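# Inside the fold
Chain residues, written in single-letter form:
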Amino acid sequence: MSRTIRRQAPPLEAIEAFILATRSASFRDAADRLALSPSAFSRRIQALEAFVGVALFVRSKGTVTLSRTGERYLRTIEPAIDSIRRATVDLQAERGGMALRVVVPQSFALGWLLPNLADFRQKHPDVNVELRIGRDIDDLRRGHADVAIYVGPGDIGSMPAIRLVPINGILVSAPALASGDPLPTGLSDLARIERLAIYRPEGLWERWLRNMKYDGAPLEPPTYYEAQFLMFEAAAAGLGVAIVTPILAHRLIEQGRLVQIGTCQAPLGIDYYLVFADEAVQRRPDAIKFRNWMSEGLARFG
């Protein structure tokens, strides 16, 4: 006589969908994180509810919220699933079976990370780093990246982060201005020179002048550029003066394309942070190696 043994645990993909649904703004957002269509994601949730025999979500007028039963179920299974995931990613990282996915602003990638990445690979050939250009740490929340280099302060929610280095600003220009005017020698000359700026982060000139205790003549509004590397090139072409951070501009200064004006240097009120998707990622051996390497490499700019 044959005997059928009923499964006592639901499929892990259904559990994964359930937990992601509780951590996301909507089923659609959770589906995106799993690269599923909304209908396929909903079927996973429905399959889990059919398996346990109760509704885990309350559906009403286009909104979906956890039911009381769902809240109790989540509290019970979430620690166990997180433990399974942490153990898995730790093992994969130790065996070199996964890449460390890094979100990085374009300016930081071009100015510091890419020029120094060969050094990291030489020191840690066992770690594979994949770069994604962006300023939005939502890639971490969606599960599309593991760590992000972030310009803060800002809202990172509950994600763990470490402060890498403060961002200081110096005044630079080309060795000669395209207008033929003499280079400024200090803050008192800013009123006669075109100033160059970027849209984000906002207010860099204002913060820098305030921290430099500028009390000179009123200044004309700066000329704005969409990206930092465009502003760098405009400054190197002699179109005006710019506030830059040595982290990003040091190569242009070493090449002689930009020169520092005087010894003016002041904090910009923002810092570089390394943000981790969660504590499990923060403990991964590859993430620890990347964090330590970045901290050491940026220490001279602190």
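In what follows, the structure referred to is the one given above.
All values reported here derive from a predicted model rather than from experimental measurement.

## Examining the sheet that holds strand β7 (residues 195-198)
- Sheet architecture is open: eight strands sit in the order β4-β3-β5-β10-β6-β9-β7-β8, paired in mixed fashion. Taken across any chain shown, the strands that pair with only one partner, and hence form the sheet edges, are β4 (129-133) and β8 (223-225). Direction aside, the axes of adjacent strands within the sheet are offset by 30 degrees on average.
- Pairing geometry for strand β6 (residues 161-173) and strand β10 (residues 259-276), over ten bridges, is antiparallel. The residue bridging P166 from the neighbouring strand is D271, located in β10.
- Of the strands in this sheet, β3 (100-104), β4, β5 (147-152) and β10 touch helix α5 (residues 106-123), which is tilted by about 175 degrees from β4.
- Along the sheet face, helix α9 (residues 246-254) touches β6, β9 (241-244) and β10 and points at about 45 degrees away from the line of β6.

## A look at the packing of aromatic side chains
- Taken as a whole and judged by the stated rule, the model has twelve aromatic pairs.
- Relative to Y73, the ring of F18 has its centre 5.6 Å away and its plane inclined at 45 degrees; by these criteria the two rings are tilted. A residue pair is termed long-range when its members are at least 10 positions apart, and F18 in helix α1 (residues 12-23) and Y73 in helix α4 (residues 68-94) qualify at 55 residues.
- The buried category is assigned to F18, whose relative accessible area is 0%.
- Relative to W208, the ring of W205 lies with its centre 6.0 Å away and its plane at 85 degrees, an arrangement referred to as edge-to-face. Within this pair, W205 and its partner W208 are both found in helix α7 (residues 204-211), separated by three residues, close to a single helical turn. Each member of the pair, W205 together with W208, is buried.
- In this structure an aromatic cluster arises from ring pairing among F108, W112, F120, Y272, F290 and W293.
- Over the face of the ring belonging to W205 we find R195, whose NZ or CZ atom lies 4.8 Å from the ring centre.

## Points about the pairing of β3
- Buried residues dominate β3, accounting for four of its five residues.
- Here five bridges tie β3 to β4, and the two strands are oriented parallel to one another. Following the sheet pairing, V102 is matched in β4 by L131.
- Tracing the backbone out of β3, into α5 and back to the parallel element β4 gives a crossover that is right-handed.
- Bridge count between β3 and β5: two bridges; the pairing is parallel. Each bridged residue has a counterpart across the sheet, and for V103 the counterpart in β5 is A148.

## Description of α7
- Turning to α7, its buried residues are L204, W205, W208 and L209. Seen end-on, α7 carries its buried residues on one side only, within an arc spanning 120 degrees.
- Each element contacted by the buried residues of α7 is listed here: β6, β7, β9 and β10.
- Positioned one or two residues after α7, K213 has a phi angle of 60 degrees, which is positive.

## Some remarks on the nonpolar core
- Counting residues in each nonpolar core, the largest one holds 71 residues, and the members touching the most others are F108, W208, Y272, F290 and M294.
- Those residues in contact with W208 that lie beyond four places of it in its chain are G169, I170, L171, L187, I243, C264, Q265, A266 and L268.

Conventions used here
Residues numbered from 1 in each chain as written. Predicted model: local features only at pLDDT ≥ 70, side-chain atom pairs only at ≥ 80, totals over all residues. Heavy atoms only, no water. Pairing = 2+ DSSP bridges. Helix = DSSP H or I, 4+ residues; strand = E, 2+ residues; numbered from the N terminus. Axes fitted to C-alpha atoms, helices over the stretch in contact; angles between N-to-C directions. Contact = heavy atoms within 4.5 Å. Phe/Tyr/Trp six-rings, centres within 6.5 Å; stacked < 30°, edge-to-face > 60°. Buried < 20%, exposed > 50% of the residue type's maximum accessible area, 1.4 Å probe, protein only. Lys NZ or Arg CZ within 6 Å of the ring centre and 35° of its normal. Right-handed = clockwise from strand over helix to strand, strands pointing away. Arc of directions from axis to C-beta. Core = buried A, V, L, I, M, F, W, Y, C linked by side-chain atoms within 4.5 Å.

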